[in-house]
Amino acid sequence: MSGNILFLVPRLLFIPIFLVILKRTYSLVRNYIQARKLGIPIIVIPLSWQDREWLLFRPFFKWIDSVPVLGYWYKYSELGWTMHHRYRPHQKYGDAFAIVSPSSVLVQINDPQAGTVLQRDYKIWTKPPTLYEIFNLYGKNLVSVNGEDWQRHRRIVNPAFREQNNKMVWEESLRQADQMLELRTRRPKDSNHVGGDGKEGKVGDERGGDGKATMADLFTDFHLLAMHVLSAAGFGHLHDFSSGLQEVPPGKTKSFSGALNFVLMNVLPVMIFGPMKLPRFLTWPKFRETQAAVKDLREYLAETVSYTRATTQSGGGGGGGGKQQAADIATALIEADEAAKREDRRQQQTNKSLSGGGGTGGGKPNYLSDSELFGNLYAFNVAGFDTTAGTLCYATPFLAVNPQIQEWVGEEIDSVFGSSNPPPLSSDYETTFPKLTRCLAVMHETLRLWGPLPEMARFAAGDGQHLRVGGDGKVIWVPKEVYVSTNFFGIHTDPRFWGPAGLEWKPERWIVRDPDTGVEAIRTPKGGTFLAWSHGPRVCPGRKFSQVEFVAVLATLLYRYRLKPWVVPGTEMRTQNDASEALMLAVNDSQFSLTTKMARPEKAGVVIVPR
Ligand code: HEM
């Protein structure tokens with residue numbers, strides 16, 4: 001009898017496995033049949049980045065990649081595979097090909113015209129809801145919504161990104177960069193340092209204080225800097241670089257920037273644990289910390305909204321109190337929302353009097369609900385934090401291994417902040433920022449190669465849409481719920497659009513010089529060949545914000561210092577050449593996690609040396 005049971009158990013276990021395989025095979029065949037109708041080359045993959053379990057185990061199956069013939073699919077199963085393979089698969093399969101897995105059909109596009117249409121025609125090509133769920137922690141927002149809802153959000157949000165705000169970004173970025181560099185280069189041996197995980201750590205050992213920093217250290221620094229700039233320019237909360245995370249008011253577990261930093265650095269656990277309700281005895285410290293940080297941030301957002309509403313209604317314009325001045329995004333957003341509310345009420349009154357008092361004043365509101373306000377304030381931070389900090393992270397190794405580019409940018413910086421002009425920290429935004437074109441060229445070139453998003457997916461609205469792809473004008477019919485993803489990193493490097501050196505980092509390519517005046521400006525690339533900030537009505541509203549921040553930080557850095565590859569102790573590096581190679585290896589060894597990031601930033605570093 002017991003022998004029979006032992007014999008039966010493996011068979012019973014086999015049943016669910018068999019059912020899963022059957023279901024996946026059925027889905028794969030169904031998706032394959034759908035993809036055949038597209039009339040483009042097809043790559044079939046048994047597992048994809050949409051299988052969460054596969055993403056966890058994928059690194060252990062690297063060997064599949066080198067299996068002849070059968071290993072072809074491994075590279076397409078990575079989330080963000082285009083960052084490693086760029087335009088090359090398109091040279092084999094064409095400007096549009098389909099990747100078919102049991103989870104989906106995904107059409108990969110490497111054509112600037114089609115890419116432009118996909119970004120621009122937002123009513124026809126919409127954002128797939130599941131991919132944008134991450135932004136909805138506190139409510140629907142500009143980043144996640146589609147169609148008419150998007151128009152309503154954008155109308156209210158646009159006035160928040162104004163020049164007055166960029167001036168604030170400039171001043172705060174200079175201040176933060178100055179403090180960060182001061183700490184990195186002249187820190188007393190035992191000073192406290194606050195890491196990106198919100199915990200205190202020691203810097204001043206061989207990692208810091210003397211200008212030596214791994215890319216992991218700089219990742220922490222740039223993220224802290226970006227978060228402080230957002231907390232100032234986004235919410236009017238000013239903090240010093242080294243102490244922002246420590247100012248905790250009563251009733252909260254973290255300071256404003258501490259809660260923001262925690263939530264932004266832990267987006268995935270926050271999404272999973274944030275809304276979970278568990279009895280206390282079933283919880284663990286990280287779970288409790290996550291929930292407390294989510295709650296703290298919600299309260300800070302609510303306080304910001306009610307405080308700004310109160311001051312707006314009393315004519316105070318949102319300034320005063322703990323706030324610096326009314327140029328921050330939150331104040332401008334809430335003011336615009338209150339104005340839209342007043343306009344709606346006025347409209348309702350007019351409709352009522354026209355209909356003899358019988359009108360109900362129905363119809364959709366033009367303003368944002370409280371939860372949408374919270375949602376937007378949060379989404380600006382998610383969208384604006386990792387993106388700009390990441391660009392600074394990627395620019396650093398390229399600068400370190402290209403001293404001639406540092407001198408080229410330095411020339412511009414010296415001419416702008418020469419001996420008779422004020423140094424960066426006391427410079428004026430309106431007159432200084434436009435002159436730092438080479439700094440901006442460094443940002444464009446870094447985004448071209450290592451922007452935060454290697455590709456971007458859309459769904460066709462309705463039952464499906466036509467899309468014209470490639471030079472031969474082929475039109476494909478894309479049915480609903482088929483992903484169409486623009487391969488940014490392919491288009492950004494394809495030699496057809498960027499020449500034979502498309503994969504090399506050359507910021508000079510962005511500069512055009514007026515032959516008469518010698519004034520330099522940023523080159524406008526041919527239509528659709530550069531999409532780092534997207535394109536059309538849904539173009540990134542924080543583009544100028546990020547440019548101002550990046551340029552301010554780079555100018556502060558190269559005004560006083562130069563970067564050199566660091567021969568990191570305890571590694572196999574021996575020479576400057578080894579250190580340069582390690583930096584480029586760290587860059588190329590990147591992965592996608594919310595944005596593009598170096599997978600092992602601790603493996604290489606730079607030395608920040610005074611000029
Ligand atoms: C280097 C820095 C940045 C890059 C490369 C970047 C890139 C992008 C891209 C590609 C999109 C389109 C996303 C999509 O369609 O799914 C986008 C949208 C957006 N970005 Fe940025 N971004 C940057 C910085 C910022 C900053 C600093 C903020 C705010 C402070 C911001 C706020 C937003 C918002 C709110 C949207 C949604 C716009 C809409 O859908 O109408 N971004 N960004």
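Predicted, not measured: the structure shown is a model, and the values here were computed from it.

So, the layout of surface pockets
Reasoning step 1: Looking at the second largest pocket, its volume works out to about 360 Å³.
Reasoning step 2: In this structure, the second largest pocket is lined by 20 residues; those nearest its centre are Thr524, Pro525, Phe530, Ser534 and Arg543.
Reasoning step 3: In terms of residue class, the lining of the second largest pocket is built from seven nonpolar, 10 polar and three charged.

Quick notes on empty space enclosed by the protein
Reasoning step 1: Per the counting criterion, the structure on display carries five cavities of 30 Å³ or more.
Reasoning step 2: The calculated volume of the largest cavity comes to roughly 80 Å³.
Reasoning step 3: Taken together, the elements giving at least two residues each to the lining of the largest cavity come down to α8 (163–186), α9 (215–235) and α20 (543–560).
Reasoning step 4: Split into classes, the residues belonging to the lining of the largest cavity amount to nine nonpolar, one polar and no charged.
Reasoning step 5: Here the second largest cavity is characterised by a volume of approximately 60 Å³.
Reasoning step 6: Lining the second largest cavity, in full, are Phe222, Leu392, Ala395, Thr396, Leu399, Phe550, Val553, Leu554 and Leu557.
Reasoning step 7: Of all the secondary-structure elements, those providing two or more residues to the lining of the second largest cavity are α14 (370–401) and α20.
Reasoning step 8: Across the lining of the second largest cavity, the residue classes break down as eight nonpolar, one polar and no charged.

A short note on the pattern of salt bridges
Reasoning step 1: For the structure on display, the rule yields 31 salt bridges.
Reasoning step 2: A salt bridge links Arg175 to Asp240; the shortest N-O distance between them is 2.8 Å. With Arg175 in helix α8 and Asp240 in the loop between α9 and α10 (256–265), the pair connects residues that are 65 residues apart, well separated along the chain.
Reasoning step 3: The class for Arg175 is partly exposed, based on a relative accessible area of 24%.
Reasoning step 4: Judged by relative accessible area, Asp240 falls into the partly exposed class, the value being 35%.
Reasoning step 5: When the shortest N-O distance is used, the salt bridge between Lys295 and Glu299 registers 3.2 Å. One end of the pair, Lys295, and the other, Glu299, are both in helix α12 (residues 285–313), four residues apart, so they sit about a helical turn from each other.

Here's the deal with the coordination of the iron atom of the ligand
Reasoning step 1: For the iron atom of the ligand, the protein supplies a single donor, Cys540 (SG), at a distance of 2.3 Å.
Reasoning step 2: Relative to the helices and strands, Cys540 resides in the loop between β13 (520–522) and α20.

Describing the pairing of strand β9 (residues 464–469)
Reasoning step 1: Strand direction decides the pairing type here: β9 and strand β10 (residues 474–479), joined by six bridges, are antiparallel. By the bridge assignment for β10, Leu467 is matched with Ile476.
Reasoning step 2: Between β9 and β10, which pair antiparallel one after the other, the connecting turn spans four residues, and Gly470 there sits at a positive phi close to 85 degrees.

A word on the domain arrangement of the protein chain
Reasoning step 1: We note that the domain assignment places domain 1 (27–134 + 456–506) and domain 2 (156–333 + 368–453 + 532–610) within the protein chain.
Reasoning step 2: Just the C-alpha atoms count here: the centres of domain 1 and domain 2 sit 31 Å apart.
Reasoning step 3: Contact with domain 1, which involves 25 residues of that partner, is made by 29 residues of domain 2.
Reasoning step 4: Together domain 1 and domain 2 conceal approximately 2,400 Å² of surface at their shared face, both sides included; 67% is due to carbon and sulfur atoms.

Comments concerning a nonpolar patch on the surface
Reasoning step 1: The grouping of Leu268, Met271, Ile272, Met276, Leu278, Phe281, Leu282 and Trp284 at the surface amounts to a nonpolar patch, some 780 Å² of accessible area in total.
Reasoning step 2: When you line up the elements, Leu278 lands in the loop between α11 (267–273) and α12.
Reasoning step 3: Owing to a relative accessible area of 35%, Leu278 belongs among the partly exposed residues under this scheme.

What about the environment of Ile45?
Reasoning step 1: Locating Ile45 in the fold gives a position in the loop between β1 (42–44) and α2 (52–57).
Reasoning step 2: For Ile45 and Tyr74, which are 29 residues apart along the polypeptide, the C-alpha to C-alpha distance reads 7.7 Å.
Reasoning step 3: For Ile45, the contacting residues outside a window of four places in its chain are Leu28, Trp73, Tyr76, Ser77, Ile99, Val100, Ser101 and Pro102.

Regarding the UniProt feature "binding site: heme" (unreviewed entry) in the protein chain
Reasoning step 1: Summarizing the sequence annotation, UniProt attributes the feature "binding site: heme" (unreviewed entry) to Cys540 in the numbering used throughout.
Reasoning step 2: On the basis of relative accessibility, which here comes to 30%, the residue Cys540 falls in the partly exposed class.
Reasoning step 3: Setting aside residues up to four positions removed in sequence, Cys540 forms contacts with Arg154 and Trp533.

With respect to the pairing of strand β15 (residues 590–593)
Reasoning step 1: One ladder, built from four bridges, connects β15 with strand β16 (residues 595–598); its direction is antiparallel. Counted as the bridge partner of Ser593 is Thr595 from β16.
Reasoning step 2: Hairpin connection between β15 and β16: a loop of one residue separates the two successive antiparallel strands, and Leu594 in this loop has a positive phi of roughly 70 degrees.

Looking at the sheet that holds strand β17 (residues 605–610)
Strand pairs in the sheet, formed through backbone hydrogen bonds, run parallel or antiparallel to each other.
Reasoning step 1: If you walk across this open sheet you meet the three strands as β7-β17-β14, and the pairing is antiparallel. With one partner strand each, in any of the chains shown, β7 (212–214) and β14 (561–566) form the two edges of the open sheet. Neighbour-to-neighbour, the strand axes of the sheet open up by a mean angle of 30 degrees, direction not taken into account.
Reasoning step 2: Across three bridges, the pairing between β7 and β17 is antiparallel. Counterpart to Thr214 in the pairing with β17 is Gly605.

About the criteria used
- By convention here, each chain's residues receive numbers from 1 onward along its written sequence.
- Note on the predicted model: pLDDT of at least 70 is required for a residue's local features to be given, and 80 or more for side-chain atom pairs to be given and counted; whole-chain, interface and lining totals, by contrast, use all residues.
- Computation of side-chain values: all heavy atoms of the structure, hydrogens and water removed.
- A 1.4 Å probe that fits into a set of points on a 1 Å grid over the protein atoms alone but cannot get out defines a cavity; an open set with protein on both sides within 12 Å along at least five of seven lines defines a pocket, and lining residues are those with an atom within 4 Å of a point.
- Grid points are joined across faces, edges and corners, and a volume is the space filled by probe spheres set on the points.
- All amino acids are sorted into three groups, where Ala, Val, Leu, Ile, Met, Phe, Trp, Tyr, Cys and Pro are nonpolar, Asp, Glu, Lys and Arg are charged, and the leftover types, Gly among them, are polar.
- The helix and strand labels rest on DSSP assignments: H or I over at least four residues marks a helix, E over at least two residues marks a strand, and numbering proceeds from the N terminus.
- A carboxyl oxygen of Asp or Glu within 4 Å of a side-chain nitrogen of Lys or Arg is what we treat as a salt bridge.
- The cut-offs for exposure are 20% and 50% of the maximum accessible area for each residue type, with area from a 1.4 Å probe on protein chains only; residues under the lower value are buried, those over the upper are exposed, and the others partly exposed.
- With water excluded from the atoms, a metal site may look incomplete; its donors are any N, O or S atoms within 2.8 Å, or within 3.2 Å for Na, K and Ca.
- Only strands joined by at least two bridges in the DSSP assignment are considered to pair.
- Domain start and end points were adopted from an automatic or database domain assignment.
- In what follows, residue pairs with any heavy atoms lying within 4.5 Å of each other are defined as contacts.
- The term buried area refers to how much accessible surface (probe radius 1.4 Å) is lost by two components on association, counted for both of them together.
- Grouping into patches uses exposed residues only, defined as over 30% relative accessible area, and leaves out salt-bridged ones; the cut-off is 9 Å for like charges and 5 Å for nonpolar side chains (Val, Leu, Ile, Met, Phe, Trp, Tyr).
- Methods summary: accessible areas were calculated by the Shrake-Rupley approach with a probe of 1.4 Å, and residue burial reflects only the protein chains presented.
- UniProt positions are given in the numbering used here, feature names are shortened, and annotations may be inferred rather than shown by experiment.
- Interaxial angles span 0 to 180 degrees and are taken between N-to-C directions of axes, which are lines fitted to C-alpha atoms, for helices over the stretch in contact.

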